[in-house]
Amino acid sequence: LPPAERVGFAVVGLGRLSLEEILPAFGECKRARPVALVSGSPEKARLVAAQHGIKPEAVYGYADFDRIAENREIQAVYIILPNGLHRDYVLRAAKARKHVLCEKPMATSTAEAREMTAACDAAGVRLMVAYRCQYEPYNREVIRLVRSGELGAVRFIEATNTQTMGTADQWRFRKALAGGGALPDIGLYCLNSARALLGEEPVEVFARITNPKDDPRYREVEESISFMLRFPSGAIANCASSYGAHESKDLRVRLEKGWIDLENAFAYEGQQMRLAHREGKTEAVESVRLSRENQFALEIDHMAACVAQGRTPHTPGSEGVQDHQVMEAIYRSAETGAPVSL
Ligand code: NDP
């Protein structure tokens, strides 16, 4: 679409994800364009606006955020703030009658997430949670293949999302701003992916948390968490996430008649897919190659298409509510040491 016909987005919060991934990704979008910025740092925002062809008068601060209502070029906002601020800004965006794309995790609790979906419904605006992996071609192919039934029933899913973190001065270590530690930040990909693969909701969870002793970073939030999800079909997902283990972001599915490995499943790039299936007495193992596309651009274009066509996004607010509900059960299990039914 020519720029004037694309859906105009206001990017809210100019941190690492915005500057390094989202704003560059707009350059690869076909249906969306950035038309406004919201930031607490006016000088940075002015500079970024100039770099992306955004009008200086379309740069807002948090205090005058509500003025976006008057800017008709803004059809949607993309909330890329610390998790603890998502609720407030989604509510304010809905009040300004703008459609909302909100970063994951959607909020810091199920209650907040519910408030956000209710506010957007009441205002008649679309709400999408930015589960980028659900727009990434390899993850989509794994979901398609599993759901097609070609490889039979799923027995096990194994999903890992680990990385190491920097110093203690980040909002990610503060419960009020982050909502939790590794679980809502990166373990969420394991959970969301298991649900998406199976198209089912877990009925039982069991979890353990491990924190290093005397590390000031882990006074409020968890470092490492392992959780098991049991699904109605009998499939079990074993998930592990940590802020204290060398980076690995892999997804493995074990099915009756084959297996699928997706290396770097939850990474920004570098997905590698291998697949094995049995035919009679022989087993075939193959590498699957798909064209590489920017998953952030695909995700943003999806939201733009939904706004333009009045459609419900593939990952609407209700997806976020469901993940928060399961995460709360996971924390409850870790706290009590017992399985929790859902
Ligand atoms: P950063 O800390 O890099 O950026 C957050 C930005 O929010 C800041 O730069 C600042 O922007 C603004 N902000 C406003 N109030 C505060 C505050 N009290 N403390 C800190 N920052 C504040 O975070 P990220 O960009 O890494 O993460 C932002 C969101 O994106 C989170 O929800 C995170 O979970 C999500 N995310 C998603 C990823 C994905 O792959 N989908 C990857 C990384 C993050 P300004 O100076 O402009 O006001």
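1. Section: the nonpolar core
- Phe9, Phe227, Leu229, Ile260 and Ile300 are the most contacted members of the largest nonpolar core, which has 106 residues in total.
- If you count residues domain by domain, this core takes at least three from each of domain 1 (3-132 + 296-311) and domain 2 (137-291 + 324-341).
- Core analysis: the next-biggest nonpolar cluster, separate from the first, contains 7 residues, Phe173, Ala182, Ile186 and Val221 among them.

2. Some words on the sheet that holds strand β4 (residues 76-79)
- One open sheet accounts for 6 strands, arranged β3-β2-β1-β4-β5-β6; its pairing is parallel. Across the chains shown, the open sheet's two edge strands, defined by having one partner strand only, are β3 (59-60) and β6 (127-129).
- As paired strands, β4 and strand β5 (residues 99-102) are joined by 4 bridges and run parallel to one another. Along β5, the bridge assignment pairs Tyr78 with Leu101.

3. What about the site of the ligand?
- Residues in contact with the ligand amount to 25 residues; listed here are only the nearest, Ser39, Gly40, Tyr62, Asn83 and Arg132.
- Interatomic distance of 2.7 Å between a backbone N/O atom of Gly40 and an oxygen atom of the ligand.
- A distance of 2.6 Å separates an oxygen atom of the ligand from a polar atom in the side chain of Arg132.
- In the complex, 79% of the free accessible area of the ligand, which totals 890 Å², lies under the protein chains.
- Two domains each put at least three residues into the shell around the ligand: domain 1 (3-132 + 296-311) and domain 2 (137-291 + 324-341).

4. Considerations on the packing of helix α3 (residues 86-95) against helix α4 (residues 110-123)
- Two elements in contact, α3 and α4, have axes separated by 9 Å at closest approach and are oriented at 10 degrees. Compared by their axis directions, α3 and α4 come out roughly parallel. In this structure, α3 uses His86, Arg87, Val90, Leu91 and Ala94 to contact α4, whose residues at the interface are Glu112, Glu115, Met116, Ala119, Cys120 and Ala123.
- A class-by-class count of the residues in the contact of α3 with α4 yields 7 nonpolar, 1 polar and 3 charged.

5. Digging into the environment of Arg217
- Looking at the secondary structure, you find Arg217 in the loop between β8 (204-210) and β9 (224-230).
- Sequence separation between Arg217 and Asp121 is 96 residues; the distance between their C-alpha atoms is 38 Å.
- When near neighbours in sequence (up to four residues on either side) are disregarded, Arg217 contacts Met165, Gly166, Thr167, Ala168 and Phe173.
- At 3.1 Å, the side chain of Arg217 and the backbone oxygen of Met165 are in polar contact.
- There is a polar contact of 2.9 Å between the side chain of Arg217 and the backbone oxygen of Gly166.

6. A word on helix α5 (residues 137-148)
- In a regular helix each residue adds 1.5 Å, so 12 residues correspond to 16 Å; α5 covers 16 Å between its end C-alpha atoms and thus fits that length.
- Along α5, the residues classified as buried are Pro137, Tyr138, Asn139, Glu141, Val142, Ile143, Leu145 and Val146.
- Immediately downstream of α5, the backbone of Gly149 shows phi near 80 degrees, a positive value.

7. Remarks on unusual backbone geometry
- Following Lys104, the chain continues into Pro105 via a peptide bond in cis, with omega recorded as -15 degrees.
- Counting through the fold element by element, Pro105 comes out in the loop between β5 and α4.
- Phi is positive for Asp214, close to 60 degrees, though the residue is something other than glycine.
- Residue position: Asp214 is located in the loop between β8 and β9.
- On the accessibility criterion, Asp214 (80% relative accessible area) is exposed.
- Positive phi, close to 55 degrees, is recorded for Asn264, a residue that is not glycine.
- By secondary structure assignment, the location of Asn264 is in the loop between β13 (258-263) and β14 (272-279).

8. A word on the pairing of β4
- Covered by surrounding structure in β4 are Ala76 and Tyr78 together with Val77 and Ile79, the residues of both alternating faces.
- Here 4 bridges tie strand β1 (residues 7-12) to β4, and the two strands are oriented parallel to one another. Across the sheet, residue Phe9 finds its bridge partner in β4, namely Ala76.

9. Some thoughts on the environment of His302
- Locating His302 in the fold gives a position in helix α8 (residues 295-309).
- On the basis of relative accessible area, His302 is assigned to the buried category, the value being 17%.
- Along the primary structure His302 and Tyr135 are separated by 167 residues, whereas in three dimensions their C-alpha atoms are 8.2 Å apart.
- If we skip the residues at most four places from it in the chain, His302 touches Met128, Tyr135, Arg311, Pro313 and His314.

So, how was this worked out
Residues numbered from 1 in each chain as written. Predicted model: local features only at pLDDT ≥ 70, side-chain atom pairs only at ≥ 80, totals over all residues. Heavy atoms only, no water. Core = buried A, V, L, I, M, F, W, Y, C linked by side-chain atoms within 4.5 Å. Buried < 20%, exposed > 50% of the residue type's maximum accessible area, 1.4 Å probe, protein only. Domains from an automatic or database assignment. Pairing = 2+ DSSP bridges. Helix = DSSP H or I, 4+ residues; strand = E, 2+ residues; numbered from the N terminus. Near = heavy atom within 4 Å. Polar contact = N/O pair within 3.5 Å; in protein donor to acceptor, adjacent residues only side chain to side chain. Areas by Shrake-Rupley, 256 points an atom, 1.4 Å probe, with all protein chains shown as cover. Axes fitted to C-alpha atoms, helices over the stretch in contact; angles between N-to-C directions. Parallel < 35°, antiparallel > 145°, perpendicular 65-115°, else oblique. Contact = heavy atoms within 4.5 Å. Nonpolar A, V, L, I, M, F, W, Y, C, P; charged D, E, K, R; others polar. Expected span 1.5 Å × (residues − 1).

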